[in-house]
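Structural description and commentary
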Amino acid sequence: MTRSRPAERPGPVLPFAGLVRPAAGFAALLAAAALITALVGTGLTEPATVVGIEPVPAVVRLGIPVARVLLDLGAVAAAGLALLSKMVGFDDPGATEPVLRRARPIAAWASLLWTAAALLSVLLLAWEISAATGDGFPSAGQIWAYVGNVPAGKGLLLSAACGLISFWLCRLSVRHGEKVPAELRVGIVLFGLLPLPLTGHASNWYWHDVAMISMELHVVAATAWAGGLGALLIFLIRRPALLAIALPRFSRLATWCVLLVGLTGLFNGLVELALSPITSLPESLWQTRYGVLLLAKIICMAAIAVTAVVVRTRLLPQVAAGRPSAIALWCGWELLVLAIAFGVAVVLTRAPVSPF
């Protein structure tokens, strides 16, 4: 029979990334960083208006990246909060259950955000097409035609359905706890992200099969990495004993995720540039909107990799030993740069491979 140890006394409140102390404030900062990056990137990479083509309304032009960022944030949070229970383990429910009871309802709300953002994306993408033809706001028939005829519509609708299933599972976990397996909750989130590459450049690549597999691996690894790290940092930073158990477990998963995200992201970007009929490498890296965004994402990944090395080599032994560390500072910055990278990635999916 498992014996529960006494409830852990919360540790001191540490500023996340050296910027904010409340966990909710740090979560809001991450969301703001991703949204602002996506909006600024969209404005900077927007192609010039073509004479004779009806301009797309600003609410659509800016709403599409906002909806996609919200979709990503909801799915990342749902996946990370499900992973949290696996990372802390099930051997000591007296210590872990108070944390998981707080996390489960948030995962349900995150799943709803993911679902709503996916459905909103369908509407906005259909509106973009109808506005370009001069029809204005799309009718129900035009939205249905978009879903039926465009792969992105089908992919987003399937993702929204997975979001609803995730919400249902999260609600069950609120009532029944870990009787609803964490593996099932993580699995449905990651499965719901698999259709999303259909909404970007990968759907048009000549190497379609390889591109889709690479993009799906990229999305799944990035979601597990960002979601897991965010959940551990926000929920366990004041519980050093649980963090000492969970962080080493997550570090093994994160190492593979970092490698996978870096390799697939570089492959996807370079192949997209290489297949462009109007540009050539390496000049397209700095002479096209897509190339500049790819360079920005590579810089983000390099900064994150340095941070991850510091955390794994210097801070992880301190955390595992229960000693004070600067984990909130370093992992906070890692998450902040990850949020910026997510915003760049959203712009990257729609940026044209064309010279400035």
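Use the structure listed above.
Note that the coordinates shown come from a computational prediction; the quantities given were computed from them, not determined experimentally.

Points about the overall build of the protein
- Helix and strand content of the protein: 11 helices and zero strands.
- Mapped from its N terminus to its C terminus, the protein presents α and β elements in the order α-α-α-α-α-α-α-α-α-α-α.
- Against the globule reference of 21 Å for 356 residues, the protein gives a C-alpha radius of gyration of 21 Å, in line with a compact fold.
- By principal-axis analysis of the C-alpha atoms, the protein measures approximately 70 × 45 × 35 Å.

A closer look at helix α1 (residues 23–45)
- The terminal C-alpha atoms of α1, which comprises 23 residues, lie 33 Å apart, in line with the 33 Å expected from a rise of 1.5 Å per residue.
- Along α1, the positions that sit buried rather than exposed are F26, L30, A33, A34, T37, A38, G41, T42 and T45.

Side note on helix α8 (residues 240–274)
- For α8, built from 35 residues, the straight-helix expectation of 51 Å at 1.5 Å per residue is met to within 8% by its first-to-last C-alpha distance of 48 Å.
- The sharpest bend along α8 measures roughly 30° and falls at S251.

Digging into the nonpolar core
- Of all hydrophobic cores here, the largest spans 104 residues; its most connected members are L84, W225, L232, L236 and I327.
- Broken down by element, the residue count for this core peaks at 16 residues, all from helix α3 (residues 93–132).
- Excluding residues that lie within four positions of it along the chain, W225 makes contacts with F250, A254, C257, V258, V261, M301, I304, E334 and L338.

Here's the deal with the packing of helix α2 (residues 58–88) against α3
- Following both chains from N to C, one finds α2 and α3 inclined at 155°, their axes separated by 7 Å at the closest point. Judged by the inter-axis angle, α2 sits roughly antiparallel to α3. Two packed elements cross with a definite hand, and for α2 against α3 that hand is left-handed.
- Residue composition of the contact of α2 with α3, grouped by class: 26 nonpolar, six polar and two charged.

Considerations on the packing of aromatic side chains
- Applying the stated criterion to the full structure yields two aromatic pairs.
- Ring geometry for W127 versus F137: centroids 4.9 Å apart, planes at 75°, classification edge-to-face. Here the residue W127 occupies a position in helix α3, and F137 occupies one in the loop between α3 and α4 (140–149), the gap between them amounting to 10 residues.
- Accessibility expressed as a relative area gives 16% for W127, which makes it buried.

Points about the packing of α1 against helix α11 (residues 327–348)
- It is the contact of α1 with α11, at a shortest axis distance of 8 Å, that shows an interaxial angle of 30°. Crossing handedness for the pair α1 and α11: right-handed. Residues F26, L29, L30, A33, A34, T37, A38, G41, T42 and T45 of α1 lie in contact with α11, whose contacting residues are G332, L335, L336, A339, I340, G343, V344, V346 and V347.
- Taken together, the residues of the contact of α1 with α11 sort by class into 13 nonpolar, six polar and no charged.

Remarks on the pattern of salt bridges
- Under the defined criterion, the tally for this structure stands at six salt bridges.
- Between E178 and R104 there is a salt bridge, with its nearest N and O atoms 2.9 Å apart. Placement of the pair is E178 in the loop between α5 (151–176) and α6 (182–193) and R104 in helix α3, with a sequence separation of 74 residues.
- We classify R104 as buried; its relative accessible area is 5%.
- Note that R350 is salt-bridged to E128, the shortest N-O span being 2.6 Å. Taken together, the positions of R350 in the segment after α11 and E128 in helix α3 put the pair 222 residues apart, joining distant regions of the chain.
- A network of salt bridges, in which partner residues are shared, links E97, R104, E178 and R185.

A closer look at a nonpolar patch on the surface
- Residues L266, L270, L281, W286, L295 and I298 make up a contiguous nonpolar surface patch of roughly 480 Å² in combined accessible area.
- Where the nonpolar patch is concerned, the elements lending two or more residues are α8 and α10 (289–320).
- On the secondary structure map, W286 appears in helix α9 (residues 284–287).
- Taking relative accessible area as the criterion, W286 reaches 49% and is therefore assigned partly exposed.

Some remarks on the environment of T42
- Assignment of secondary structure puts T42 in helix α1.
- In sequence terms T42 and R61 are 19 residues apart; their C-alpha atoms lie 8.3 Å from each other.
- Other than its neighbours up to four places away in sequence, T42 contacts R61, L62, P65 and V347.

So, unusual backbone geometry
- Phi is positive for A17, which is not a glycine, with a value near 55°.
- For A17, a relative accessible area of 3% corresponds to the buried category.

With respect to the environment of L260
- With respect to the secondary-structure elements, L260 resides in helix α8.
- Taking the relative accessible area as the measure of exposure, L260 reaches 33% and is therefore partly exposed.
- Separated by 41 residues in the primary sequence, L260 and V219 have C-alpha atoms spaced 9.8 Å apart.
- Not counting the four nearest positions on each side in its chain, L260 is found in contact with L217, A221 and G265.

Digging into the environment of I340
- The residue I340 is located in helix α11 in this model.
- Note: C-alpha distance between I340 and L113 (227 residues apart in sequence) is 19 Å.
- Residues contacting I340, with those up to four places away along its chain left out, are A33, T37 and C300.

Rules behind the numbers
Residues numbered from 1 in each chain as written. Predicted model: local features only at pLDDT ≥ 70, side-chain atom pairs only at ≥ 80, totals over all residues. Heavy atoms only, no water. Helix = DSSP H or I, 4+ residues; strand = E, 2+ residues; numbered from the N terminus. Rg over C-alpha atoms; globule rule 2.2 N^0.38 Å. Expected span 1.5 Å × (residues − 1). Buried < 20%, exposed > 50% of the residue type's maximum accessible area, 1.4 Å probe, protein only. Bend = angle between axes of the 7 residues up to and from the residue. Core = buried A, V, L, I, M, F, W, Y, C linked by side-chain atoms within 4.5 Å. Contact = heavy atoms within 4.5 Å. Axes fitted to C-alpha atoms, helices over the stretch in contact; angles between N-to-C directions. Parallel < 35°, antiparallel > 145°, perpendicular 65-115°, else oblique. Left-handed = near helix turned anticlockwise from the far one by under 90°. Nonpolar A, V, L, I, M, F, W, Y, C, P; charged D, E, K, R; others polar. Phe/Tyr/Trp six-rings, centres within 6.5 Å; stacked < 30°, edge-to-face > 60°. Salt bridge = Lys/Arg side-chain N within 4 Å of Asp/Glu carboxyl O. Patch = residues over 30% accessible without salt bridge, like charges linked within 9 Å, V, L, I, M, F, W, Y side chains within 5 Å. Areas by Shrake-Rupley, 256 points an atom, 1.4 Å probe, with all protein chains shown as cover.

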